[in-house]
Amino acid sequence: MKIYIDGGFFDREEAKISVFDHGLLYGDGIFEGIRLYGGKIYKLQEHISRLFQSARALNLSIPMDEDGMCRAVQETVDRNEKTDAYIRLVVTRGKGNLGIDPSSCPVPSVIIIVDDISMYPRELYEKGIPVITAGTRRLSPDIFDPRVKSLNYLTNIMAKMEARAAGCLEAVLLNRDGYVTECTADNIFIIREGKLITPAPWLGILEGVTRASVLELAGELGISYEESTLTRYDLYIADECFLTGTGAEIIPVVTIDSRPVGNGSPGDLTLSLREAFTKKVYA
Ligand code: PMP
């Protein structure tokens, strides 16, 4: 494995960053998760654009432009000689002193790791997964906009722990007003009377690349869709439900807070979207 750090390539054991990096000390940084399918990077430009938008929001100057970042990712992929993989791209504020002030960090650090993918176990794509709604709330956009894909995932981690304690793999986070936002690392969709509905970005979600692909596919397949507000009630009466993410792709949800979704097995529209998505990523 060859890991890119600030222009150099390092073996796994040698790939190290400073304990004074503000990414470690304060979570001051951003990241992307990207997939390589059949040797091709899926939606690289979309991920790089989102990374640069996150950087702008944090006033973090990435020490290269978007094209340079695409080339660095491609070169790291080439050196790792994999055809299917998960790419983790991290930009931290860089090395500074022990105060939080980012002005002590002259140069941000760029890290690119290409590793094997760890998706949910294969059978769960056939069977679907149970989820809970978590007590932990999603950060409101007026405090810190979840559209920034930052290195601060503690609320997501708290919700993940709630899910695990309830015997589930995922949890749905509501926002401060009680509206559905997303899961700990995935966006959420429901289908009700043939219509696809997903929470609107202003409610406080990461605008997922996979979410955008699914909306695009819905358009192509003639499925009507809406970005809207959803409450837990809407989840409970949904005909179908699924989650989307770079790692998870499209995974059906079959129970929410112990209530079966539809007839308790993955829905037809979910399965046809999943099939179309699989074709798209290898196209
Ligand atoms: N929401 C959160 C909080 C995430 O971390 C992610 C990425 N794993 C997603 C949604 C899905 O986004 P994408 O489809 O771009 O991976």
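Quick caveat, the model's predicted, so the values are computed rather than measured.

A separate point is the nonpolar core. Judged by nonpolar contacts, the single largest core of 27 residues is most densely connected at Ile-30, Met-69, Val-73, Ile-87 and Leu-89. Taken together, the elements giving at least two residues each to this core come down to strand E3 (29-37), helix H2 (44-57), helix H3 (66-80), strand E5 (85-92) and strand E6 (109-115). Ranked by size, the runner-up nonpolar core spans 23 residues in total, among them Leu-124, Val-172, Ile-188 and Val-253.

A rise of 1.5 Å per residue sets the reference length of helix H8 (residues 268-282), with its 15 residues, at 21 Å; its end C-alpha atoms lie 22 Å apart and thus fit the reference within 8%. For H8, the full list of buried residues reads Thr-270, Leu-273, Arg-274, Ala-276, Phe-277, Lys-280 and Val-281.

It is worth spelling out the site of the ligand at this point. Lining the immediate environment of the ligand, one finds 17 residues, of which Tyr-153, Glu-182, Val-209, Thr-210 and Thr-246 sit closest. Within the side chain of Tyr-153, an N or O atom sits 2.4 Å from an oxygen atom of the ligand. A distance of 2.7 Å separates an oxygen atom of the ligand from a polar atom in the backbone of Val-209. For the ligand, whose accessible area on its own is 390 Å², the fraction buried by protein is 94%.

All chains considered together, the criterion is met by 19 salt bridges. Here Lys-43 and Glu-216 are joined by a salt bridge, their closest N and O atoms 3.9 Å apart. Of this pair, Lys-43 sits in the loop between strand E4 (40-41) and H2 while Glu-216 is found in helix H6 (residues 209-221), placing the two residues 173 residues apart along the sequence. Here Glu-216 falls in the partly exposed class, since its relative accessible area comes to 36%. A salt bridge links Asp-239 to Arg-192; the shortest N-O distance between them is 3.9 Å. With Asp-239 in the loop between helix H7 (232-236) and strand E13 (240-245) and Arg-192 in strand E10 (residues 187-192), the pair connects residues that are 47 residues apart, well separated along the chain. For Asp-239, a relative accessible area of 35% gives the class partly exposed. Of the residues examined, Arg-192 reaches a relative accessible area of 29% and is grouped as partly exposed. Salt bridges linked by common partners bring Lys-43, Glu-216, Glu-220 and Lys-280 together as one network.

The subject of this paragraph is unusual backbone geometry. Across residues other than glycine, the phi torsion is negative in most instances, and most of the peptide bonds are trans. Positioned with a positive phi, Glu-81 is a non-glycine residue whose angle comes to about 50°. Following the sequence through the fold, Glu-81 ends up in the loop between H3 and E5. In the Ramachandran plot, Ser-258 falls in the positive-phi region, its phi being about 70° despite a non-glycine side chain. With respect to the secondary-structure elements, Ser-258 resides in the loop between strand E14 (249-256) and strand E15 (259-260).

Reading the values: rules and limits
- Residues numbered from 1 in each chain as written.
- Predicted model: local features only at pLDDT ≥ 70, side-chain atom pairs only at ≥ 80, totals over all residues.
- Heavy atoms only, no water.
- Core = buried A, V, L, I, M, F, W, Y, C linked by side-chain atoms within 4.5 Å.
- Buried < 20%, exposed > 50% of the residue type's maximum accessible area, 1.4 Å probe, protein only.
- Helix = DSSP H or I, 4+ residues; strand = E, 2+ residues; numbered from the N terminus.
- Expected span 1.5 Å × (residues − 1).
- Near = heavy atom within 4 Å.
- Polar contact = N/O pair within 3.5 Å; in protein donor to acceptor, adjacent residues only side chain to side chain.
- Areas by Shrake-Rupley, 256 points an atom, 1.4 Å probe, with all protein chains shown as cover.
- Salt bridge = Lys/Arg side-chain N within 4 Å of Asp/Glu carboxyl O.

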